[in-house]
Amino acid sequence: MSGETGSRKVLVACLGNPDRGDDGVGPAVARALAGRLPDGASLIARSGDMLALIDDWAGFDAVVCVDAAAPMDAPLGAPGRIHRVDLARDDLPPSAPVSSSHAFGLMDAVRLAGTLS
């Protein structure tokens, strides 16, 4: 699955459960992107527990995650808004106060990976 785009290795991780309404956006995007990414870019679809992402993104320079998420702060949390977090310069957004349909959420996986590295 590893790939290189330019001199950077990039992973596109599409997250969500296709059986849970808008949480299925990640798998839908993965289907739409299949075969359409630049040469060498890697694409995965992941549902359920996001802890596996820590292994998935090992060795990549950049990871693009596609996931439906609970709104953060209005108006930034407007439906369909794209959130970009560059961990080289930005802090993670605060955890959402609502429960996730994932056993272990994306931000939980990112925080754990940061703690372990």
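Each chain carries its own residue numbering, running from 1 in the written order of its sequence. Note on the predicted model: pLDDT of at least 70 is required for a residue's local features to be given, and 80 or more for side-chain atom pairs to be given and counted; whole-chain, interface and lining totals, by contrast, use all residues. To obtain the side-chain values, all non-hydrogen atoms of the structure were used and water was disregarded.

S.K.: Before we go on, may I ask you to explain the overall build of the protein chain in this structure?
M.R.: Every helix listed is a DSSP run of H or I at least four residues long, and every strand listed is a run of E at least two residues long, numbered separately from the N terminus. A tally of helices and strands in the protein chain yields three helices and three strands. What you see in the protein chain, going N to C, is helices and strands ordered as β-α-β-α-β-α. Classification of residues uses two cut-offs on accessible area relative to the type maximum, computed with a 1.4 Å probe and protein chains only: under 20% is buried, over 50% is exposed, and between them is partly exposed. Burial status across the protein chain gives 26% buried among its 117 residues. Whether two residues are in contact is decided by their heavy atoms, any of which lying within 4.5 Å being enough. Taking contacts inside the protein chain between residues at least 6 apart in sequence as the whole, the part at least 24 apart equals 68%.

S.K.: Honestly, the sheet that holds strand 3 (residues 62–66) in this entry has me stumped. Any pointers?
M.R.: To summarise the sheet geometry, strands pair through backbone hydrogen bonds and adopt either a parallel or an antiparallel arrangement. Pairs of strands are assigned from DSSP output, requiring at least two bridges between the strands. Read from one edge of the open sheet, three strands run 2-1-3, paired in parallel fashion. Each edge of the sheet is formed by a strand with only one pairing partner; in this case those strands are strand 2 (42–46) and strand 3. Each adjacent strand pair in this sheet contributes to an overall mean axis angle of 20°, direction not counted. With five bridges connecting them, strand 1 (residues 10–15) and strand 3 associate as parallel partners. Note that in strand 3 the partner of Val12 across the bridge is Val64. Its contacts with the sheet put helix 1 (residues 25–33) on strand 1, strand 2 and strand 3, and the angle it makes with strand 1 is roughly 135°. Note on definitions: angles span 0 to 180 degrees between N-to-C directions of axes, and those axes are lines fitted to C-alpha atoms, for helices only across the stretch in contact.

S.K.: Help me out: how do you make sense of helix 3 (residues 106–116) in this one?
M.R.: An α-helix turns once every 3.6 residues. As a result, residues three or four positions apart point the same way. Leu106, Ala109, Val110 and Ala113 are the residues of helix 3 that are buried. Seen end-on, helix 3 carries its buried residues on one side only, within an arc spanning 100°. Picture the helix axis, draw a direction to every C-beta atom, and the arc is the one those directions span.

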